[in-house]
Amino acid sequence: MTGDDERLDWVRRCFSTKKPRPAQAWYAANSREPIRDETIRTGLIPTRAVIERPGVATTSSRPKYALEAGFAKIFSEELAGEELLDAIAAWQKTHLNKAALARLALIKKGVAIAVDAVPVVFPNGETRSLCPGPSSAIAKAVIEEFAPRFLATPAVLWLSESGNKVVARDEHLADSIGISINASKALPDIILIDLGTNESGNDMLVVFCEVVATDGPINRQRQAALTSIAEEAGLDRNHLAFLTAFADRGGAPFRKASSDIAWNSFVWFASEPGSILHYRGEVTTSLWALAR
């Protein structure tokens, strides 16, 4: 709502004892925990947009939370146009950490690609276009951000979109390492190859990657199926890695899928490209050794 009349009407209805419920409300009428815990405590307070008023008991009927003064100033009626944008940017710069700023950039990028094709630059310099959407934004990040960060000599063996649309497949590379790219098989969204020698002496690593914008991580069954495909090509388990890529670890897709993700696999978030989460399997050493 941007008009003065409709916004004033909204305020009047909020303070009225008769509050008509929207037809498609986000929360139930008595919902407090999701707003308090997920939005305020883990979202607005850590970024210092909201403060917890001192001296107010948890059970008090008095307001317990308030907008932080600097954040509240952004809503001044005197701010508009470029001056407002400058004030917002200044607040973000002083209050948000690198992960939060990266998250903002990702969201803006997601909005920008909502209606446009998504160009993806492969490690060899080739460019492919993906259909607009959140899955394409994550796939682009995997190829352009994850691959060069975590692989020595990356190459894209396979890239597909929802609906099993094949965007790219490198038959020559697949033939050279003995993998049969059969689109009829349950292949993942992306297959990356690391052709560089690592510290263990292995000269190749095959990374099976699933892109999750809504559902479908690499769970135990998916991991077993992909391992079978690799073993049919003559690859052993030491040459395989399994990756599930999400937009952000604070988003609903990761929270929903976290308990299904397979052990001995990796999770990567486009909003925090320099970090990776390892779902380690059975551990035989002490926590002290792991912490070191």
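About the criteria used
Residues numbered from 1 in each chain as written. Predicted model: local features only at pLDDT ≥ 70, side-chain atom pairs only at ≥ 80, totals over all residues. Heavy atoms only, no water. Helix = DSSP H or I, 4+ residues; strand = E, 2+ residues; numbered from the N terminus. Buried < 20%, exposed > 50% of the residue type's maximum accessible area, 1.4 Å probe, protein only. Areas by Shrake-Rupley, 256 points an atom, 1.4 Å probe, with all protein chains shown as cover. Phe/Tyr/Trp six-rings, centres within 6.5 Å; stacked < 30°, edge-to-face > 60°. Lys NZ or Arg CZ within 6 Å of the ring centre and 35° of its normal. Patch = residues over 30% accessible without salt bridge, like charges linked within 9 Å, V, L, I, M, F, W, Y side chains within 5 Å. Salt bridge = Lys/Arg side-chain N within 4 Å of Asp/Glu carboxyl O. Core = buried A, V, L, I, M, F, W, Y, C linked by side-chain atoms within 4.5 Å. Contact = heavy atoms within 4.5 Å. Polar contact = N/O pair within 3.5 Å; in protein donor to acceptor, adjacent residues only side chain to side chain. pLDDT = per-residue confidence, 0-100.

**Describing the overall build of the protein**
Tallying secondary structure elements over the protein gives ten helices and eleven strands in all. Per-residue burial over the protein gives 34% buried out of 292 residues. Approximately 18400 Å² of the protein is accessible, and the part contributed by carbon and sulfur atoms is 54%.

**Let's talk about the packing of aromatic side chains**
Within the structure shown, the criterion is met by nine aromatic pairs. Between Phe71 and Phe75 the ring centres are 5.3 Å apart and the planes differ by 80°, which places this aromatic pair in the edge-to-face class. Judged by centre distance (5.9 Å) and plane angle (50°), the ring pair of Trp263 and Tyr279 falls under tilted. Of this pair, Trp263 sits in the loop between α9 (252-257) and β10 (265-269) while Tyr279 is found in strand β11 (residues 277-279), placing the two residues 16 residues apart along the sequence. Clustering of aromatic rings is evident, with ring pairs tying together Phe71, Phe75 and Trp91. One residue, Arg128, lies across the ring of Phe122, its end atom 5.5 Å from the ring centre.

**Concerning a nonpolar patch on the surface**
On the surface, Met1, Trp10, Val11 and Phe15 cluster together to form a nonpolar patch covering roughly 490 Å² of accessible area. Here Met1 shows up in the segment before α1 (4-15). By relative accessible area, which is 58% here, Met1 ends up exposed.

**Considerations on the nonpolar core**
Among the nonpolar cores identified, the biggest contains 27 residues, and Val142, Leu159, Ile190, Leu192 and Trp268 are the most heavily contacted of them. At the level of secondary structure, the elements contributing two or more residues to this core comprise β3 (118-121), α6 (134-150), β5 (154-161), β6 (165-169), β7 (190-194), β8 (205-211) and β9 (240-246). Apart from the residues lying within four places of it in its own chain, the contact partners of Trp268 are Ala141, Val142, Glu145, Phe146, Phe150, Leu243, Thr244, Ala245, Phe246, Pro273 and Ser275. Counting 20 residues, the second-largest nonpolar core is a separate cluster that includes Leu187, Ile191, Ile193 and Leu226.

**A word on the side chain of Gln223**
As for its placement among the helices and strands, Gln223 is situated in helix α8 (residues 220-232). Classification of Gln223 by relative accessible area gives buried; the value is 12%. Here Trp263 takes part through its backbone oxygen, which lies 3.1 Å from a polar atom of the side chain of Gln223. Every residue in contact with Gln223, bar those within four places of it in the chain, is listed here: Ile218, Arg237, Phe242, Ala262, Trp263, Asn264 and Ser265.

**Let's talk about the pattern of salt bridges**
Overall, the coordinates contain seven salt bridges when judged by the stated rule. Across the pair Glu52 and Lys64 runs a salt bridge whose closest N-O atoms are separated by 3.2 Å. Taken as a pair, Glu52 in strand β1 (residues 50-52) and Lys64 in the loop between β1 and β2 (65-67) lie far apart in primary sequence, twelve residues in all. You can call Glu52 partly exposed: its relative accessible area is 42%. Exposure remark for Lys64: the relative accessible area of 15% places this residue in the buried category. In this structure, the salt-bridge partner of Glu145 is Arg149, at a minimum N-O distance of 3.6 Å. Of this pair, Glu145 and Arg149 both sit in helix α6, four residues apart, which is roughly one turn of that helix. Overall, the relative accessible area of 33% leaves Glu145 in the partly exposed class.

**Some points on unusual backbone geometry**
Although it is not a glycine, Arg48 adopts a positive phi angle of roughly 60°. Structurally, Arg48 is set in the loop between α2 (33-44) and β1. At Asn264, a position not held by glycine, the phi torsion is positive, near 60°. Position of Asn264 among the secondary structure elements: in the loop between α9 and β10.

**Focus: the environment of His95**
Within the secondary structure, His95 sits in helix α4 (residues 81-95). His95 sits in the buried class, given a relative accessible area of 16%. For the pair His95 and Thr47, spaced 48 residues apart in sequence, the C-alpha separation works out to 5.8 Å. Not counting residues up to four positions away in its chain, the partners in contact with His95 are Thr47, Arg48 and Glu68.

**Remarks on the confidence of the model for the protein**
On average, residues of the protein score 82 in pLDDT, and 84% of them reach the 70 mark or higher. Highest mean pLDDT in the protein belongs to β10 (96); lowest belongs to helix α5 (residues 98-112) (62).

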